[in-house]
Each structure stands twice: as structure tokens, then as C-alpha cells.
Amino acid sequence: MSTYAIGDIQGCDAAFARMLDAIAFEPVRDRLWLVGDLVNRGPSSLAVLRRVMALGDAAVTVLGNHDLHLLAVAEGFRKPHRSDTLQGVLAAPDRREIFDWLRGRNLMHAEGGFALVHAGLLPAWTTTQALELAREVEAVLRGPDFQNFLGHMYGNQPDRWHDGLTGPHRLRVVVNAMTRMRVCTADGKMEFGFKGRPEDAPAGYLPWFAVPGRASLDRTVICGHWSALGLRQEERLLALDSGCLWGETLSAVRLEDRRLYQVSCGRLRGPARSR
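Since the structure is predicted, the reported quantities are computational estimates derived from the model, not experimental observations.

About the cut-offs
- Along each chain, residues carry numbers from 1 onward, in the same order as the chain's sequence is written.
- Totals for whole chains, interfaces and linings use every residue, but because this is a predicted model, local features are given only for residues with pLDDT of at least 70 and side-chain atom pairs only at 80 or more, for both listing and counting.
- Note that the side-chain values use all heavy atoms of the structure and ignore hydrogens as well as water.
- Under the DSSP-based scheme used, a helix requires at least four consecutive residues in state H or I and a strand at least two consecutive residues in state E, with every element numbered from the N terminus.
- Whether two residues touch is decided by their heavy atoms; if any such pair falls within 4.5 Å, the residues are in contact.
- Remark: exposure states derive from per-residue accessible area (1.4 Å probe, protein chains only) relative to the maximum for the residue type, with buried under 20%, exposed over 50%, and partly exposed in between.
- Working convention for charge: Lys and Arg count positive, Asp and Glu count negative, and His plus the chain ends are omitted.
- Any carboxyl oxygen of Asp or Glu within 4 Å of a side-chain nitrogen of Lys or Arg constitutes a salt bridge here.
- Any N or O atom pair separated by 3.5 Å or less is treated as a polar contact, with the protein-specific requirement of one donor-capable and one acceptor-capable atom, and with residues adjacent in sequence counted only for side-chain atom pairs.
- When DSSP locates at least two bridges between a pair of strands, those strands are taken to pair.
- Lines fitted to C-alpha atoms define the axes here, with helix axes fitted over just the stretch in contact, and angles between the N-to-C directions of these axes take values from 0 to 180 degrees.
- By convention a nonpolar core is built from buried Ala, Val, Leu, Ile, Met, Phe, Trp, Tyr and Cys residues, the set being connected through side-chain atoms within 4.5 Å.
- We call a pair of cysteine sulfur atoms a disulfide when they lie within 2.5 Å.
- Planes of paired rings set the category: under 30 degrees apart is stacked, over 60 is edge-to-face and the rest tilted, where pairs are Phe, Tyr or Trp rings (Trp by its six-membered ring) whose centres lie within 6.5 Å.

K.L.:
I'd like a description of the environment of Lys79, backed by residues and values.
P.N.:
For Lys79, the position within the fold is in the loop between α3 (65–74) and α4 (87–90). What Lys79 contacts, discounting residues up to four positions off in sequence, is His69 and Val73.

K.L.:
Give a description of unusual backbone geometry that names residues and reports values.
P.N.:
Put simply, Gln157 and Pro158 share a cis peptide bond, and its omega is -5°. Topologically, Pro158 is positioned in the loop between α7 (146–151) and α8 (167–179).

K.L.:
Give a detailed account of the side chain of Arg214, specifying residues and quantitative values.
P.N.:
Inspection of the secondary structure puts Arg214 in the loop between β8 (206–207) and β9 (220–223). Despite its burial, Arg214 pairs with no opposite charge, the nearest such side chain being Glu234 at 6.1 Å. At 3.1 Å, the side chain of Arg214 and the backbone oxygen of Phe209 are in polar contact. Polar contacts involving the side chain of Arg214 include one to the side chain of Ser216, which spans 2.7 Å. Beyond its immediate stretch of four places on either side in the chain, Arg214 contacts Pro123, Trp208, Phe209, Val221 and Arg236.

K.L.:
Explain the sheet that holds strand β7 (residues 190–191) to me, and be specific about the residues and the numbers.
P.N.:
Strand order in the open sheet formed by 3 strands is β7-β6-β8, with antiparallel pairing between adjacent strands. Each end of this open sheet is capped by a strand with a single partner; those strands are β7 and β8. Relative to β8, strand β6 (residues 183–184) is paired through 2 bridges, and the arrangement is antiparallel. The residue bridging Val183 from the neighbouring strand is Pro207, located in β8.

K.L.:
An account of the side chain of His225 is requested, with residue identities and associated values reported.
P.N.:
Examined against the element boundaries, His225 turns out to sit in the loop between β9 and β10 (232–234). In this structure His225 comes out as buried when scored by relative accessible area, which is 2%. Within the structure, the side chain of His225 is placed 3.5 Å from the side chain of Arg182, a separation counted as a polar contact.

K.L.:
Lay out the pattern of salt bridges with the relevant residues and their values.
P.N.:
Enumeration according to the criterion identifies 14 salt bridges in this entry. For the salt bridge of Asp257 with Arg254, the shortest nitrogen-to-oxygen distance reads 2.7 Å. On the accessibility criterion, Asp257 (42% relative accessible area) is partly exposed. Here the salt bridges do not stand alone but share partners, grouping Asp159, Arg160 and Asp187 into one network.

K.L.:
Summarise the packing of helix α1 (residues 13–22) against helix α2 (residues 45–54); cite the residues concerned and give the values.
P.N.:
Between α1 and α2, the least distance of the axes is 9 Å, while the angle of their chain directions is 35°. Here Asp13, Phe16, Ala17 and Leu20 of α1 lie close against α2, whose contacting residues are Ala47, Val48, Arg51 and Val52.

K.L.:
Give a description of the nonpolar core that names residues and reports values.
P.N.:
Within the largest apolar cluster, 84 residues are counted, with the highest numbers of intra-cluster contacts made by Leu32, Trp125 and Met178. The residues touching Trp125, leaving out its near neighbours within four places in the chain, are Ala130, Leu133, Trp161, Val173, Val174, Ala177, Met178, Ala215 and Ser216. The next biggest cluster of nonpolar side chains, apart from the first, holds 12 residues, and it includes Ala5, Val62, Leu240 and Val253.

K.L.:
Tell me what's going on with the state of the cysteines, and back it up with residues and numbers.
P.N.:
Disulfides are covalent bonds that link the sulfur atoms of two cysteine residues. Under the counting rule described, the total for this entry stands at 1 disulfide. Each sulfur of the disulfide joining Cys244 and Cys265 lies 2.2 Å from the other. What sets the handedness of the Cys244 and Cys265 disulfide is the S-S torsion sign, and at about -105° it is left-handed. On the criterion of sequence distance, the pair formed by Cys244 in the loop between β11 (237–239) and β12 (249–254) and Cys265 in the segment after β13 (259–264) is long-range, its members being 21 residues apart. Judged by its relative accessible area of 8%, Cys265 falls in the buried class. You can see Cys184 has no disulfide; the closest cysteine sulfur is in Cys223, sitting 12 Å from it.

K.L.:
So what about the packing of aromatic side chains? Which residues, and what values?
P.N.:
Per the stated rule, a full pass over the model turns up 6 aromatic pairs. Plain terms: the ring middles of Trp33 and Phe114 are 6.4 Å apart, the flat faces sit at 90° to each other, and that makes the pair edge-to-face. Highlighted residues: Trp33 in strand β2 (residues 31–34) and Phe114 in strand β5 (residues 114–117), separated in sequence by 81 residues. Accessibility classification places Trp33 together with Phe114 in one group, the buried group. With a centroid separation of 6.4 Å and 55° between ring planes, the pair formed by Phe209 and Trp226 is classed as tilted.

By themselves, these figures tell us nothing about what the structure is for.
In C-alpha cells:
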């Protein structure tokens with residue numbers, strides 16, 4: 001059995017299908033770990049969702065910011081953006097089944113020496129604490145009050161974690177860190193406007209994974225979300241958003257031996273990268 005971690009797909013089903021061929025994926029034998037953002041901006045979000053759903057337990061996916069955005073739009077809490085390509089999902093005859101499936105996905109997954117999350121983990125969080133916090137969000141998202149959660153999910157404040165947070169503020173910080181964060185200060189203050197290269201981060205901010213002594217160094221964190229960062233393979237980090245949506249590549253890493261697989265993606269968007 002092999003486990004393949006794959007970067008942000010964002011509706012690029014043709015590239016996803018090519019990747020499955022490239023790794024000779026067999027659902028009865030292998031597993032996929034998907035970093036989230038299955039949908040949006042690419043042309044075939046519905047096809048991606050149906051393909052992943054059909055894989056059943058052979059695919060593990062965590063929620064990304066675009067996946068949560070789809071749920072918020074579907075429930076009427078957000079208006080579609082001009083650049084969204086979600087209409088096919090919103091109009092699908094099986095949309096309710098799809099939305100219920102999405103609500104059942106994890107915010108974070110950990111197994112063996114790896115932890116899977118869409119964007120990142122705050123530097124003060126151990127992977128054990130982060131998993132516990134992710135479970136809090138997942139329980140609400142899967143429960144009868146999920147619409148109230150979606151209605152209070154958005155916002156940039158609070159911009160840092162402390163253990164005394166409760167209610168919507170507590171859940172919002174967890175969601176923002178795990179699905180939106182790129183950079184933060186050494187003491188964990190997040191900044192959400194920055195989307196550029198790590199070396200261009202605002203003064204006082206650095207990539208979340210570069211904070212000295214971050215508490216999640218006990219596992220290799222697998223993430224995506226940051227196309228300007230690109231593919232980065234380090235001892236305790238696999239960053240896999242290699243810009244498929246922007247006409248670059250879709251990347252996968254076989255976790256057992258860190259072998260890299262890449263397939264080319266046709267250009268769908270202009271040169272500017274905006275998430």
C-alpha cells in the first residue's frame with residue numbers, strides 16, 4: 001500500500017485524473033491524502049468532488065478555505081465572488097449529498113509521522129492540541145447548528161490564539177489558522193492580506209512553518225494553500241500547492257519514500273495569483 005499526498009486541485013479535474021494515472025493509483029490498495037481546496041476557480045469542481053467521493057475511504061481530504069466558501073455560499077451566508085466557478089456544484093441534482101459529504105470532512109488529519117492541514121498550524125500548537133481544536137470545529141460543522149457556525153465563520157479577528165477563547169471567536173481562529181494562514185509573528189499573530197513570496201512578507205511576519213521552535217515539529221506537516229510559496233520539501237514540511245490553477249503543475253508526494261510526482265496543468269488563470 002502507498003499513500004500519496006496531493007496539492008490543491010481547485011476544480012482542475014483533468015489534471016487530477018492525469019495524476020491518478022501517473023501514480024498508478026489503485027483504490028483497493030493505495031490511499032490519497034488531499035490538502036483541501038478541491039473546488040473553485042478551476043473549470044470542473046463538480047467532477048472533482050464526484051471523483052473523490054467515489055473513492056470512499058481510499059481518499060482522505062481536509063477542508064480548505066474554498067471548500068468552506070462553497071458551503072457558506074450554498075447556505076446563503078456568502079455571495080459568490082466574480083471569479084468563482086461553483087455554479088455547477090450549486091445546481092447539481094446531488095448537491096445536498098455533496099454538501100453533507102463536505103461537512104463530514106476533517107479540518108486536520110494525523111497519522112504516523114504526518115499531519116495534514118490545508119494552510120498551517122499556529123506555532124504554539126502541538127499537533128495533539130491542533131487535532132483537538134480541529135475536532136471542535138468538525139463537531140459543530142457536522143451538527144444541527146452548522147448554519148449558525150457558517151454565519152459566524154468569517155472575519156479576521158481575533159487574529160491570534162489564546163486558551164480562553166470561547167464560542168464563535170474560538171472556532172474562527174482555528175478555521176483561519178488551518179485554512180487561511182500563510183504568515184504570522186513569532187508569538188502567533190496572523191496576517192491574512194499577504195499572498196506573496198515568503199521573502200516579501202511584512203516586517204515582523206514570517207511563514208508559519210519557519211517560526212523557531214514551533215510546537216508541531218514532532219510531525220511532518222503536509223499543507224497547500226500558498227501557491228506563491230510553491231512546492232517545498234523539508235524534513236518537517238511538505239508544501240504542495242505548486243500552482244496547478246495558474247497553469248503550472250499539480251504535485252504529489254508518496255509518503256513512504258518522499259518520491260515526487262508532477263503533472264502539467266493547462267493555464268486557466270492569468271499570471272497574478274490570488275487566493
